[in-house]
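Listed below, chain by chain, are the residues.
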Amino acid sequence: MWPGKHVSVVDPAERLMPAFAPEMREELRRQLDALGVELRLGTALAREPSAAPGRARAFTVPTVASGELAADIWFRCHGVSVGGGHLGAELAAARTPQGLVRVTDMLNVDARGGGGQGRVHRHVYALGDLAALAESKMAAHAVRHAAVVAANILAQVRGEEPASVYRPSPTPSILLPLGPHGGVGQMPSPDGPSVLTAETVSRYKGADLGTGRFVELFGTD
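Description of the structure in this document. Please read these numbers as outputs of a predicted model, since none were measured by experiment.

Here is what the cut-offs are and how they apply
- Residues numbered from 1 in each chain as written.
- Predicted model: local features only at pLDDT ≥ 70, side-chain atom pairs only at ≥ 80, totals over all residues.
- Heavy atoms only, no water.
- Helix = DSSP H or I, 4+ residues; strand = E, 2+ residues; numbered from the N terminus.
- Expected span 1.5 Å × (residues − 1).
- Buried < 20%, exposed > 50% of the residue type's maximum accessible area, 1.4 Å probe, protein only.
- Arc of directions from axis to C-beta.
- Contact = heavy atoms within 4.5 Å.
- Salt bridge = Lys/Arg side-chain N within 4 Å of Asp/Glu carboxyl O.
- 1 Å grid on protein atoms, 1.4 Å probe; cavity = no way out; pocket = protein on both sides within 12 Å on 5 of 7 lines; lining within 4 Å.
- Points joined across faces, edges and corners; volume = space filled by probe spheres on them.
- Nonpolar A, V, L, I, M, F, W, Y, C, P; charged D, E, K, R; others polar.
- Pairing = 2+ DSSP bridges.
- Axes fitted to C-alpha atoms, helices over the stretch in contact; angles between N-to-C directions.

### Quick notes on helix 1 (residues 22–35)
Next, step 1: Between the first and last C-alpha of helix 1 there are 20 Å, a value that for 14 residues agrees with the 20 Å anticipated at 1.5 Å per step.
Next, step 2: Among the residues making up helix 1, those that are buried are Met-24, Arg-25, Leu-28, Gln-31 and Leu-32. Seen from one end, helix 1 has its buried residues packed into an arc of 125°, which puts them on one side. Residues Glu-26 and Ala-34 are exposed on helix 1 and point more than 90 degrees away from its buried face.
Next, step 3: Contacts from the buried residues of helix 1 go to strand 2 (38–41), strand 7 (174–178), strand 8 (182–187), strand 9 (194–196) and helix 4 (198–206).

Laid out in structure tokens, this is it:
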């Protein structure tokens, strides 16, 4: 939409996406360089900009290790804040110190404390960012959570014993579009992480950011 706009990425990490395969990270760096995206790795903003995030207003802000940064708009791309404060006392007992909700492998809310108090709520589930699972907070994971929860609820409605279990993948996966035609990705495979081409990422997500499947799912247009 704005091909002449300069983009800077500021990250205190020394490497881009260190949890992913080196081949994927190298391809990401190559595509960002081709797009003219400036990477300021190993640094951070010395303070929050005077402009609100996501609001167009010119500002200049110092960085910790590399001078100043001037921009027209900025976006905060880190941190997760989960909204579990509305839970009643019985369910709130399942919250971790970070505000997440402990769950069983069937994604039932697990309010059992260290002293053996509380219980597993067999008819209450937690999924998505709220669930305390050993994986990153990603929409793709939430979709898999939803499939498990839906299967278990349907079993209960039918009078059957729920049996669908969620297992976090040991290999992180991602589809990261860079515009409608570029991007990088990684998926698990029997031989280890499989790096996806830009064409594959574009076909599955880049053209519409993955909204097409939900349009079909919900029957909207």
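Having seen the model, we can carry on.
### Section: the pattern of salt bridges
Next, step 1: Evaluated as defined, the whole model comprises nine salt bridges.
Next, step 2: A salt bridge links Arg-122 to Glu-161, with the shortest nitrogen-to-oxygen separation between them at 3.2 Å. Of the two residues, Arg-122 sits in strand 6 (residues 120–125) while Glu-161 sits in the loop between helix 3 (139–157) and strand 7, which places them 39 residues apart along the sequence.
Next, step 3: The exposure class of Glu-161 is exposed, given its relative accessible area of 61%.

### With respect to empty space enclosed by the protein
Next, step 1: Counted according to the given criterion, the structure contains one cavity of 30 Å³ or more.
Next, step 2: By volume, the largest cavity is sized at about 40 Å³.
Next, step 3: Taken together, Gly-128, Asp-129, Ala-131, Leu-133, Glu-135, Ser-136, Lys-137, Met-138, His-141 and His-145 make up the full set of residues lining the largest cavity.
Next, step 4: Residues of the lining of the largest cavity, tallied by class, amount to three nonpolar, four polar and three charged.

### A few points about the pairing of strand 7
Next, step 1: Sheet topology note: the strand 7/strand 8 ladder contains five bridges and is antiparallel. Paired with Leu-178 across the bridge in strand 8 is Gly-182.
Next, step 2: Counted between consecutive antiparallel strands, the loop separating strand 7 from strand 8 contains three residues, among which Gly-179 sits at a positive phi close to 80°.

### A look at helix 3
Next, step 1: Between its first and last C-alpha, helix 3 extends 27 Å over 19 residues, near the 27 Å set by a 1.5 Å rise per residue.
Next, step 2: Burial in helix 3 covers these residues: His-141, His-145, Val-148, Val-149, Asn-152, Ala-155 and Gln-156. When helix 3 is viewed along its axis, its buried side chains cluster within an angular range of 120° and face the same direction. Turned more than 90 degrees off the buried face of helix 3, the exposed positions are Ala-139 and Val-157.
Next, step 3: In the segment just after helix 3, Gly-159 is the residue with positive phi, at about 80°.

### Notes on the sheet that holds strand 8
Next, step 1: Here we have three strands laid out as an open sheet, ordered 7-8-9, and antiparallel in their pairing. Each edge of the open sheet is held by one strand with a lone partner, namely strand 7 and strand 9. Shown here is a sheet whose adjacent strand axes are inclined to one another by a mean of 10°, direction ignored.
Next, step 2: Here helix 1 sits on the sheet in contact with strand 7, strand 8 and strand 9, set at roughly 170° to strand 8.
Next, step 3: Where helix 4 meets the sheet, its contacts fall on strand 7, strand 8 and strand 9, and the angle it forms with strand 7 comes to roughly 95°.

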